[in-house]
Structure formats: structure tokens, C-alpha cells
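Chain by chain, the residues:
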Amino acid sequence: AIAAEAAPRVGGFTEQGLASTAWAFATAGHAAPALLDAIAAEVALRVGEFNEQNLASTAWAFATAGHAAPALLDAIAAEAVPRVGRFKPQELSNTA
């Protein structure tokens, strides 16, 4: 129920809110494909606004959830490469 309500509203989420929502569903092991698709689309549009922790958390969440989002992961990788020196070790390992 929460995922269905949240999916159409992700455009109003902060960057941290997007990353945290994806992380929460992945951590809980709760399948929410429509929500993750909506988050992936929104993050891809705003990836340049994400800090390193939110980039790493989002990448980790999609990998952990096993939710295919190649355009999202390509966007995160493209954004992360020029900033790689600013990532903390844990953040860097979460994006690998």
C-alpha cells in the first residue's frame, strides 16, 4: 500500500528521500517494482543534485533489490566517476 501511494509522488521527494526510500524497500526485501521504476526515473533526471552518499545508497539499493535499472546505474556511474575522490570508502564500495 505504501509503495503504491509513494510511486506517483516521488517527484516531490528530496534526493535523500529518494535514496532512503529505495534503501528501505531493498533492506526490507519488499518487492516494489512500480515504486523502484518511479524512483529510477526521478533519480536519473536529478542525479547531478545527489551527494556521494545518496548516489552510493541508491546504487546499493537497486543492486540489493535485484531491480534492473540500467539507465539509472549508467547515470550514477557517469556522475560518480568525476567525483570518485570525494567518496568515502564505504560509499565507494557500495557503488561497485
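In this text, all values refer to a predicted model and were calculated from it rather than measured experimentally.

Caption draft 1: Local environment of the environment of proline 33. Of note, proline 33 is situated in helix H3 (residues 33-46). You can call proline 33 partly exposed: its relative accessible area is 49%.

Caption draft 2: Representation of the pattern of salt bridges in the model. Inspection of the entire model under this criterion finds seven salt bridges. Measuring nitrogen to oxygen at the nearest pair gives 3.1 Å for the salt bridge that ties glutamate 52 to arginine 83. Within this pair, whereas glutamate 52 is found in helix H4 (residues 52-65), its partner arginine 83 is found in the loop between helix H5 (70-80) and helix H6 (89-95), the two being separated by 31 residues in sequence. Between glutamate 79 and arginine 83 there is a salt bridge, with its nearest N and O atoms 2.7 Å apart. If you follow the salt bridges from partner to partner, you end up with Glu15, Glu42, Arg46 and Glu49 in one network.

Caption draft 3: Molecular detail of the packing of H3 against H4. Close contact between H3 and H4 brings their axes to 12 Å; oriented N to C, the two are set at 150°. Taken as axis vectors, H3 and H4 run roughly antiparallel relative to one another. Between H3 and H4 the crossing geometry is left-handed. Counting all contacts with H3, which are made through Leu36, Ile39, Ala40 and Val43, the residues of H4 involved are Thr58, Phe62 and Ala65.

Caption draft 4: Spatial organisation of H3. Compared with the 20 Å implied by 1.5 Å per residue over 14 residues, the 20 Å span of H3 between its first and last C-alpha is a close match. Buried within H3 are the following residues: Leu35, Leu36, Ala38, Ile39, Ala40, Glu42, Val43 and Arg46. Turning to H3, the residues buried within the fold contact helix H1 (2-6), helix H2 (15-28), H4 and H5.

Caption draft 5: Inspection of the confidence of the model for the protein at higher detail. Counting all residues, the mean pLDDT for the protein is 95, and 100% of those residues have values of 70 or more. Confidence, read as mean pLDDT per element, is least for H6 in the protein (86) and greatest for H3 (98).

Caption draft 6: Looking closely at H5. Looking only at H5, the buried set comprises Leu72, Ala75, Ile76 and Ala80. Projection of H5 onto a plane perpendicular to its axis shows the buried side chains occupying an angular sector of 130°, all on one side. Across from the buried face of H5, at angles greater than 90 degrees, the exposed residues are Pro70, Ala71, Asp74 and Ala78. On the buried face of H5, the contacting elements are H3 and H4.

Criteria and thresholds
Residues numbered from 1 in each chain as written. Predicted model: local features only at pLDDT ≥ 70, side-chain atom pairs only at ≥ 80, totals over all residues. Heavy atoms only, no water. Helix = DSSP H or I, 4+ residues; strand = E, 2+ residues; numbered from the N terminus. Buried < 20%, exposed > 50% of the residue type's maximum accessible area, 1.4 Å probe, protein only. Salt bridge = Lys/Arg side-chain N within 4 Å of Asp/Glu carboxyl O. Axes fitted to C-alpha atoms, helices over the stretch in contact; angles between N-to-C directions. Parallel < 35°, antiparallel > 145°, perpendicular 65-115°, else oblique. Left-handed = near helix turned anticlockwise from the far one by under 90°. Contact = heavy atoms within 4.5 Å. Expected span 1.5 Å × (residues − 1). pLDDT = per-residue confidence, 0-100. Arc of directions from axis to C-beta.

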